[in-house]
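Structural features, examined
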Amino acid sequence: MNSKKIVSLAAALGVVASSLLGATPAMAEDKVITVWADETRGPALSKALGSLADQTEGEWATGYKIKVVSYSSFDALKEALDKATANTGPDVVIGANDWVATGVKNGKVAPLTLPASVRANYTAGALTDLSYQGKLYGIPISMNNTAMLVNTKLTGGKKPATFAEMVDFYTKNKTSKKLSAGLCVAGGGMSFGAIGVLNALGGAPYATDSKGAVLTTKDPIDVTAMTANVKKYLLDSKGKSTGFFPADSTGCKDNFLAGKVPYAVIGNWEWKDYVAKGFNMNNLVSVPGMTKTTFGKSFASVSGAMLTTYAETNGNATGAKSFLNNFFGSATGVVLYARHEQRPPAHKAASGAVSDGAKAFSRTGNQAGMPQIGDILGNSAGGKNFWDALPAYWTAVLIEGKDVAAETKKLNTLFKKNVAEGSKSLK
Amino acid sequence: MNLVSGRPLAVIAKVIFVSIALAILGLLAISAFTAGEIAIAAFLALSMIAIAWVYFTNVSVPLKFFLPGIIFLIGFVVVPILYTIVMSGFQYRTGNYISKPEALERVQALGVVQDESMTTYDVTVGRLENGELALLATDYLAGTYFISDSDSKVEIASTDVELNEFEVAVSAPGFEALPPDELAAMDSELSSLRFYSEDSYYLVLEGFEVASLYTQVLEYDAASDSLTNIQTGDVFKDNGRGNYANINNSEDVLIPGWRAPIWFENYAKLFSDPKVREPLVAVFIWTVTFAFLTVLTQFAFGLLLALALNKAIRGRRIYRIILILPYAIPSIMSILVWAGMFNTEFGAINALLGQQIAWFLDPNFARAAVIVVNLWLGFPYFYLVSSGSLQAIPADYSEAAAIDGASPRQIFWQITLPLLLKILTPLLIASFAFNFNNFNLIYLLTGGGPRATLDGEIAGATDILISYTYQIAFGSNVQDLGLASAISVVIFVIVAAISLYGVKKSKVLDEFV
Amino acid sequence: MTKWLRDNLWRHAVALGAVGFALFPIYMVVISSLNPTGSLQVTSFVPNEISFINYTQLFTDPTIPFMTWMWNSLYIAGLVSIVSVIIGAASAFAFSRLRFKGKKLGLQTLLLVQMFPAILALAAVFVIMERVYNFAPEIGLGTQAGLMLVYLGGSMGVNIWLLKGFVDSIPLELDEAAKIDGASPMQIYWQIFIPLAAPVLAVVTLLTFIGTFNEYILARLFLVEMETRTVAVGLQQFIGGQFSTNWGAFAAGSIIASIPIVVIFLSLQKYIVAGLTAGSVKG
């Protein structure tokens, strides 16, 4: 080794050593509860809470500030939660009720107990929605449902009482009013959004008794009746779609707003877009059934603020529970939040304080809502889960012109298997 | 050869640069070590040794060039590959997602039951005179107050407590409430504490102001690694597949489970389970078809353009600029725009054709759409390389042939094209390989769909292997990382075998060795 | 005239057809960006109402930090492409010009490593970066620096391979001559190779830049804070969300985001074409 080399080595080691000495342990900071949410609920919560800097420490949980992280989409949020492992996970995540089952199985969400005073603010259904095997995993925030909006300018003020009335209106006015469809799904896609239509035609993802309990042995779909209804109302004599009910949901919103569709299923997160274009939420109805006063039921599930297992590893569990109780469990917090979210709040005390649109969705949800049971809908024991199977059914009968009886029978068999698998975990 | 004896300025620059790199890595290694990330700390330390050794001695000149690349490759490419291979031997899916210690912790945390009336108390957290943490609880219904610590519960007379504006007891003799600013700091300690109550029940904090009653139902015995339900007497044991299962009923498992080694079971499934095998074969066929058709159409169209513009016609410069645009525009944007254009009702394509085709709902139309979009994305590349190569073909060949009386068509098919193919083969192969794994296109354009049959197919009609694997691993609802990893490894073996064979045949690697 | 027709008409016909194909989607984006309703309305090919609201929205709406996204993308892609090529060029040079034991093995390993379907490595990369976060939150999961590290690692294999192909096409004579003059590999690298390879390096830098600019899957999981997002993640949220779609803003944003790339691409056109063909045209 020559002298230059020794000098350079020494210099290098010197730099290393000095930089290591300069390293100081991280300073203790304000404790923060981190909440993850999607692209609509996140900003709403942020606005309700004010920015992290604006919050008074301990306003909602003693000694804590609340930080909201909004993902760019619902899918990105779900994916991030699936991948979160240790210290980067959130303390609270705002998600759909069907996340609870997989969340428990993957060790992502943790159980909690609401104080009796808070629990009294929610319907039993809302709490069941966020429960799995008898334990509650979050606090209900808002209802997530769809309903049918009628363009009364087009129909001359009439709201349909039966499915046949809608089909009839479409057939008669198709050409004269340049209708592009009769009933289309603008919000929620061809599974979540189209469940009301499926139900009106005689199908369901699972059969229930009069009290709403799941029946595992009964056929979810009345195959004969549904086959007949699909043929009668959706198809022409050659077995091709009449165009009344498109199998594709994209473009429906635009068409409806442009006055080219009389009836559209819309989501409760977007009703303001319709009000802005002059539609009245009094014309929001449940999808009419085959006879008067019957309705196609659609999912009325709640989204919830769930406690994660990371709150524990992060040392924030008690604070996070405090935050859930004090903010989402109190009328003050919920009203603050509901002002920025369009959906109907799940909290009873707050439902009076909200807008007409939210009230309208509350009304249809109470009239023709059904629970969205994650384990039944999400499993694919029959080959496909509900979310993929229903769109596939519409495509098969409405676009590809496959045999309706055979496809309906297949759908029924598939649902039945999924129900059998999914209800194993129900107690 | 000896860098240190090079120009002084260069030496100083090198010493400073390497030292900074070492310093940063050293810092990271130390903090990784203190945080308990031993593997990463070791990797960083080894990198440091390697850097110091390579750059301050003359052990190997090539390594001076390779080392930074090697460190990155190992850290972010090789390790993830090894990780994937390891994952493929595990039961690693929804329900078996976390490690065994974590799962055991969760199982025990879930193995509790609330009292039947779901009692909750408003509480104040504080300390007893002996310093022990305790709760001062208010029972509204009974109008009573009590203090509970780890092993006792003492009633307090209502005359002895001081109430706040919500009628909750905040102080009592011998009990001092914790100041609010201490609560948050003690969160992790508080959340794990169990405060005494009657009949094997205990109180747990549900926030700083509330507590509820629980009793432990599942009890863990470390010696036999088993859990017993003390209410029913059921015993649950490790079933070797990542779950504690009831010894009398193997179907009855405790949630959650953990990642457990199942060795080659995921691989076996690929061949034995028709629900996995059949879609996989279908997807594989489409993947090859897709990659082949893509390369063929892109090359054919690009070449046609190159031939057409191989002469100084008027406007050639403008043509060229416009034709490069699809290549220059960020593909993430153009793919999404194309997705919109294929919309059934509003899409520009249907408007142009005057049709109402449901492009992404019909398998064949969806596949056609994928090919068309990919043609748009890729033809400029082949146009550019073809026109470059056309100019590289000596004109003598075609002139000679023309003198011999060959028609332009004959010249093209018999002279130009074979020469071009010879030149462009590596690029064609590279393009095939790229499209074989063209995840972005499929994911953003069709999402792999349509998944339009009720016959139990999980794979979509336009799913290629990589998007299908992604779907299995990270899709909605049920996710199976173990199976997806096994598929990855199998794809890798197939592709690698073919390419290595090809490389050996063409002796590409021998050229400069 | 007929000869002109025979010789040139088909050329123009083919070129015009291709131009139409190339411009069609671009035209559609432009009119969507001028459509004030923000919907996917392209039923007519001539816009019936022109408005710049989608553009002004991008620059004035405080909830859409578009310029920050733009800057993030340019900065991340720029830094990654430059560092990646600096490191990659050194390896490529060594593979191409130096003789050493295990070269063939090294090349084969590099080739194989690249063929691994990397999408699943996502899970592993996530675990690694999560652990990094535990001790160095500044460069772990959820940070731009962490994302850049992952990009660097991911682009390394491809870039070394690509650069090696290009480097092989640079004539050996010059460095042979230098070698005879007693120059060390380091001197050959810095004084002869780098100047010669500069155009090729520029091309690979640009290709890496575009590749990084387009990356979306990792970015949307890494960059969740509004202010740290790249333009690809930011824009995707306009149309990829479950609850809302705004094609107008997406179209306007796409156009603005594309401009810098297109400008760079067109101005470096000559080098890019030379670079792209260099890999293949070596006889």
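If you're wondering where the values come from, they're calculated on a predicted model, not measured in any experiment. What you see as residue numbers is a count from 1 along each chain, following the sequence as written. In the order they appear in the text, chains get letters beginning with A and ligands get numbers beginning with 1. Residues qualify for local features only when their pLDDT is at least 70, as the model is predicted, and side-chain atom pairs are given and counted only at 80 or more; totals for whole chains, interfaces and linings, by contrast, use all residues.

A separate point is the overall build of chain A. For the purposes of this entry, the term helix denotes a DSSP run of H or I that reaches at least four residues, the term strand denotes a run of E that reaches at least two, and both are numbered from the N terminus. Helix and strand content of chain A: 21 helices and 15 strands. Projected onto the principal axes, the alpha-carbon positions of chain A cover approximately 95 × 55 × 45 Å. Relative to its 427 residues, chain A shows a buried fraction of 60%. Within chain A, contacts between residues at least 6 apart in sequence are counted, and of these 78% link residues at least 24 apart. The exposure label follows from counting other C-beta atoms within 10 Å of a residue's C-beta, where the C-beta atoms are placed from the backbone and the thresholds are 20 or more for buried and 12 or fewer for exposed, leaving partly exposed in between. A pair of residues counts as a contact when their C-beta atoms, built from backbone coordinates, are separated by no more than 7 Å.

The next thing to look at is the overall build of chain B. In terms of helices and strands, chain B carries 17 helices and 20 strands. Viewed in the frame of its principal axes, chain B has a C-alpha envelope of about 120 × 75 × 50 Å. Taken across its 513 residues, chain B has 43% of its residues classed as buried. Considering only contacts within chain B whose residues lie at least 6 apart along the sequence, 56% involve residues at least 24 apart.

Right, let's get into the interface of chain B and chain C. The figure often quoted for interface size is the accessible area lost as the parts come together. Each side of the interface is counted separately: chain B has 85 residues, and chain C has 82 residues. Among the elements that line the side of chain B that touches chain C, the one with the most residues is helix α3 (residues 61-87) of chain B, at 17 residues.

All names here are of chain B. Reading across the sheet, the five strands line up as β14-β15-β16-β17-β18 and stay open at both edges, with antiparallel pairing between neighbours. In the strand order of this sheet, the two ends are held by β14 (218-221) and β18 (249-253), each with one partner. Ignoring strand direction, the axes of neighbouring strands in this sheet form an average angle of 35°. Paired strands, in this sense, are two strands between which DSSP finds at least two bridges. In this sheet, strand β16 (residues 235-238) lies alongside strand β15 (residues 226-229) in antiparallel orientation, the contact comprising three bridges. Fitting a line to C-alpha atoms yields each axis, with helices limited to the stretch in contact; the angle taken between N-to-C directions then spans 0 to 180 degrees.

So, about the nonpolar core. One finds A264(A), L307(A), L135(B) and A211(B) to be the most contacted residues of the largest nonpolar core, which totals 334 residues. The contacts of L307(A), once residues within four sequence positions are left out, are V92(A), V109(A), A110(A), L112(A), Y137(A), G138(A), A320(A), K321(A) and L324(A). For this analysis, nonpolar core means a set of buried Ala, Val, Leu, Ile, Met, Phe, Trp, Tyr and Cys residues linked through C-beta atoms within 7 Å. Within the second largest apolar cluster, 13 residues are counted, among which are I98(B), L110(B), F236(B) and Y244(B).

Residues and elements named next belong to chain A. The element strand β6 (residues 138-150) is largely enclosed, with a buried count of 13 among its 13 residues. Note: β6 against strand β14 (residues 298-307), seven bridges, orientation antiparallel. In the sheet register, I139 faces β14, and the bridge partner there is A305. Examined bridge by bridge, β6 and strand β10 (residues 263-267) share five bridges and lie antiparallel to one another. The residue of β10 that forms the bridge with L149 is A264.

Let us now look at the environment of N121(A). All names here are of chain A. In this fold, N121 is placed in the loop between α5 (116-119) and α6 (124-129). When the C-alpha atoms of N121 and K211 are compared, they prove to be 22 Å apart, with 90 residues separating the residues in sequence. With residues near it in sequence (within four places) discarded, N121 still touches G329, H347, K348 and A349.

Right, let's get into the confidence of the model for chain A. The share of residues in chain A with pLDDT of 70 or more is 92%, and the mean pLDDT across the chain is 86. Confidence of the prediction at every residue is given by pLDDT, a number between 0 and 100. Note that pLDDT drops below 50 for residues 20-28 of chain A; the model gives that stretch five contacts with residues more than four away or on any other chain.

So, about unusual backbone geometry. Following I255(B), the chain continues to P256(B) via a peptide bond in cis, the omega torsion being -5°. In this fold, P256(B) is placed in the loop between β18 and β19 (257-258). Even without being glycine, T293(A) reaches a positive phi, approximately 65°. Position of T293(A) relative to the elements: it lies in the loop between β12 (287-288) and β13 (295-296). The phi angle at E167(B) is positive, at roughly 70°, despite the residue not being glycine. Along the chain, E167(B) falls in the loop between β8 (162-163) and β9 (169-171).

The next thing to look at is the environment of T68(C). Structurally, the position occupied by T68(C) is in helix α3 (residues 66-97). Each C-alpha atom of the pair T68(C) and E176(C) lies 49 Å from the other, and the pair is 108 residues apart in sequence.

A few words on the packing of helix α9 (residues 316-328) of chain B against helix α11 (residues 247-267) of chain C. Here α9(B) crosses α11(C) at 130°, and the two axes come no closer than 10 Å. With respect to each other, α9(B) and α11(C) are oriented oblique. Of the two possible hands of crossing, α9(B) and α11(C) adopt the one that is right-handed. Across the interface between the two elements, I321(B), I324(B), L325(B) and A328(B) of α9(B) pack against I261(C), V262(C), F265(C) and L266(C) of α11(C). Residues of the contact of α9(B) with α11(C), tallied by class, amount to eight nonpolar, no polar and no charged. Working definition: roughly parallel below 35 degrees, roughly antiparallel above 145 degrees, roughly perpendicular at 65 to 115 degrees, and oblique for all remaining angles. Definitions for this section: a left-handed crossing has its near helix turned counterclockwise from the far helix by less than a right angle. A right-handed crossing has that turn clockwise. Throughout, the ten residues Ala, Val, Leu, Ile, Met, Phe, Trp, Tyr, Cys and Pro are labelled nonpolar, Asp, Glu, Lys and Arg are labelled charged, and all others, Gly among them, are labelled polar.

Here the focus is the confidence of the model for chain B. Caution applies to low-pLDDT parts of the model: their predicted coordinates are not meant to be read in detail. All names here are of chain B. Averaged over chain B, the pLDDT score is 87; the fraction of residues at 70 or greater is 94%. Summarising per-element confidence for chain B, the mean pLDDT is lowest in helix α13 (residues 395-403) (79) and highest in β16 (95). Across residues 1-5, confidence stays below pLDDT 50; counting only partners more than four residues off in sequence or on other chains, it has nine contacts.

Another point: the packing of helix α20 (residues 386-399) of chain A against helix α21 (residues 404-422) of chain A. Residue and element names in this part refer to chain A. Where α20 meets α21, the closest approach of the two axes is 10 Å, and the angle between their N-to-C directions is 175°. Regarding the angle of α20 to α21, the classification is roughly antiparallel. Contacts between α20 and α21 involve F386, A389, Y393, A396 and V397 from the former and V404, E407, L411, L414 and N418 from the latter.

Another aspect to go through is the pairing of β16(B). All names here are of chain B. What sits between β15 and β16 in their antiparallel hairpin is a turn of five residues, with G233 showing a positive phi close to 85°. Relative to strand β17 (residues 244-246), β16 runs antiparallel, the two being bridged by three bridges. Within β17, the position partnered with K237 by the bridge is A245. Here β16 folds back onto β17 in antiparallel fashion, the turn holding five residues, of which G240 has a positive phi close to 80°.

In this section: the environment of E209(B). Looking at the element boundaries, E209(B) is found in the loop between β12 (202-205) and β13 (210-216). As a C-alpha pair, E209(B) and V125(B) span 84 residues in sequence and 7.6 Å in three-dimensional space. Excluding residues within four positions of it along the chain, E209(B) makes contact with S322(A), D122(B) and V123(B).

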